[in-house]
Amino acid sequence: VGSGRANVNLEVLPPISAIDHIEIVRGNGSALYGSDAVGGVINIITKKRIENQSAFEVNTGSWGTQQYNLTNAGSHDKMSWFIDTGYGKQNYMKYHGVNGTMKQNNTDFRDNTLTLRVNQKINHASSLDAAYDHKSFDGNVPGAVSYPSPLALQRLTNNVAFTYHFKENTDTPA
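Engineer: Help me get a handle on the overall build of the protein, residues and values and all.
Structural biologist: Check the secondary structure of the protein and you find 1 helix and 10 strands. Reading the protein from its N terminus to its C terminus gives the helix and strand order β-α-β-β-β-β-β-β-β-β-β. Put simply, 49% of the contacts in the protein that link residues at least 6 apart link residues at least 24 apart. Summed over its atoms, the accessible surface of the protein is roughly 11700 Å², and 57% of this surface lies on carbon and sulfur atoms.

Take a look at the structure:
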């Protein structure tokens, strides 16, 4: 994650069936991947054409933890897509103390994610990718500090990327 400017949401990784290959670049990869790639880069390359598939996941757990995730991926003609949206929440943590059940303040959170990627094949040697990634997180730092506070963890991230691939499937790819 480096300087804190970059982030990755490991909950929205594509399904294994959608991954073509994984590149691991050790050491400084800043020339290819930017200044945050000091220690290395793990680049997950997805397949351009995948089977149409959808998945819905529901997870629950202690302290009112709930997670919902909906994924759809597929292709049609020269276009392929990957869409993933998720919602998660957790209530306050409770634990057994010497005075009975205790509540750990400021341990609740809400988390929303959306990932969208569309690839359009232009011809046999070029394609265009459009990608959008959204994440909002609203939580707190555990302890006795009441909300709202400067210690509240509120993050909103929106990333948009357009990539033009040329000379694909040629002897001298770009």
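On we go from here.
Engineer: A description of the sheet that holds strand β5 (residues 79–90) should follow, citing residues and the corresponding values.
Structural biologist: Read from one edge of the open sheet, 6 strands run β3-β4-β5-β8-β9-β10, paired in antiparallel fashion. A single partner strand is all that each edge strand has here, and the edge strands are β3 (53–60) and β10 (153–166). Averaged over all pairs of adjacent strands, the angle between their axes in this sheet comes to 5 degrees, without regard to strand direction. With 11 bridges joining them, strand β4 (residues 66–76) and β5 adopt antiparallel strand pairing.

Engineer: How would you summarise the pattern of salt bridges if you had to cite specific residues and measurements?
Structural biologist: Pairs can form between side chains of opposite charge whenever their charged atoms are close. With the rule as written, the count across this model stands at 1 salt bridge. Among the ionic pairs, Asp111 bridges to Lys135, the shortest N-O distance being 2.9 Å. In this pair, Asp111 sits in strand β8 (residues 109–123) while Lys135 sits in strand β9 (residues 126–139), placing the two residues 24 residues apart along the sequence. For Asp111, a relative accessible area of 10% gives the class buried.

Engineer: Help me get a handle on unusual backbone geometry, residues and values and all.
Structural biologist: Trans peptide bonds make up the majority, and among non-glycine residues the majority have a negative phi. Here the phi dihedral of Asp77 falls at roughly 50 degrees; this positive angle occurs in a residue that is not glycine. According to the relative accessible area criterion, Asp77 is exposed, its value standing at 66%.

Engineer: Requested: an account of a nonpolar patch on the surface, with residues and values cited.
Structural biologist: Taken together, Phe56, Val58, Tyr68, Leu70 and Tyr87 make up a surface patch of nonpolar side chains, about 460 Å² in accessible area. Among the secondary structure elements, those contributing two or more residues to the nonpolar patch are β3 and β4. With respect to the helices, strands and loops of the structure, Tyr87 is situated in strand β5.

Engineer: How would you summarise the environment of Ile24 if you had to cite specific residues and measurements?
Structural biologist: Within the secondary structure, Ile24 sits in strand β1 (residues 19–26). A sequence separation of 19 residues divides Ile24 from Asn43, and the C-alpha atoms of the two residues are 6.4 Å apart.

Engineer: Any details on the pairing of β8? Residues and values, ideally.
Structural biologist: In summary, the side chains of a regular strand alternate between the two faces of the sheet. Sheet analysis places β5 next to β8, joined by 12 bridges and oriented antiparallel. In the sheet register, Ser80 faces β8, and the bridge partner there is Asn119. Where β8 lies against β9, 14 bridges are found, and the strand directions are antiparallel. Bridge pairing links Phe109 to Gly139 in β9. The turn linking β8 back onto β9 is made up of 2 residues.

Engineer: Lay out the packing of aromatic side chains in plain terms, naming residues and giving numbers.
Structural biologist: For the structure shown, the criterion picks out 3 aromatic pairs. Look at Tyr68 and Tyr87: their rings are 6.4 Å apart centre to centre, the planes differ by 15 degrees, and that puts the pair in the stacked class. Note that Tyr68 is positioned in strand β4 and Tyr87 in strand β5, a separation of 19 residues in sequence. The class for Tyr68 is partly exposed, based on a relative accessible area of 31%. Here Tyr164 and Phe166 contribute two aromatic rings whose centre-to-centre distance is 5.9 Å and whose plane-to-plane angle is 20 degrees, an arrangement assigned as stacked.

What counts and how
Residues numbered from 1 in each chain as written. Predicted model: local features only at pLDDT ≥ 70, side-chain atom pairs only at ≥ 80, totals over all residues. Heavy atoms only, no water. Helix = DSSP H or I, 4+ residues; strand = E, 2+ residues; numbered from the N terminus. Contact = heavy atoms within 4.5 Å. Areas by Shrake-Rupley, 256 points an atom, 1.4 Å probe, with all protein chains shown as cover. Pairing = 2+ DSSP bridges. Axes fitted to C-alpha atoms, helices over the stretch in contact; angles between N-to-C directions. Salt bridge = Lys/Arg side-chain N within 4 Å of Asp/Glu carboxyl O. Buried < 20%, exposed > 50% of the residue type's maximum accessible area, 1.4 Å probe, protein only. Patch = residues over 30% accessible without salt bridge, like charges linked within 9 Å, V, L, I, M, F, W, Y side chains within 5 Å. Phe/Tyr/Trp six-rings, centres within 6.5 Å; stacked < 30°, edge-to-face > 60°.

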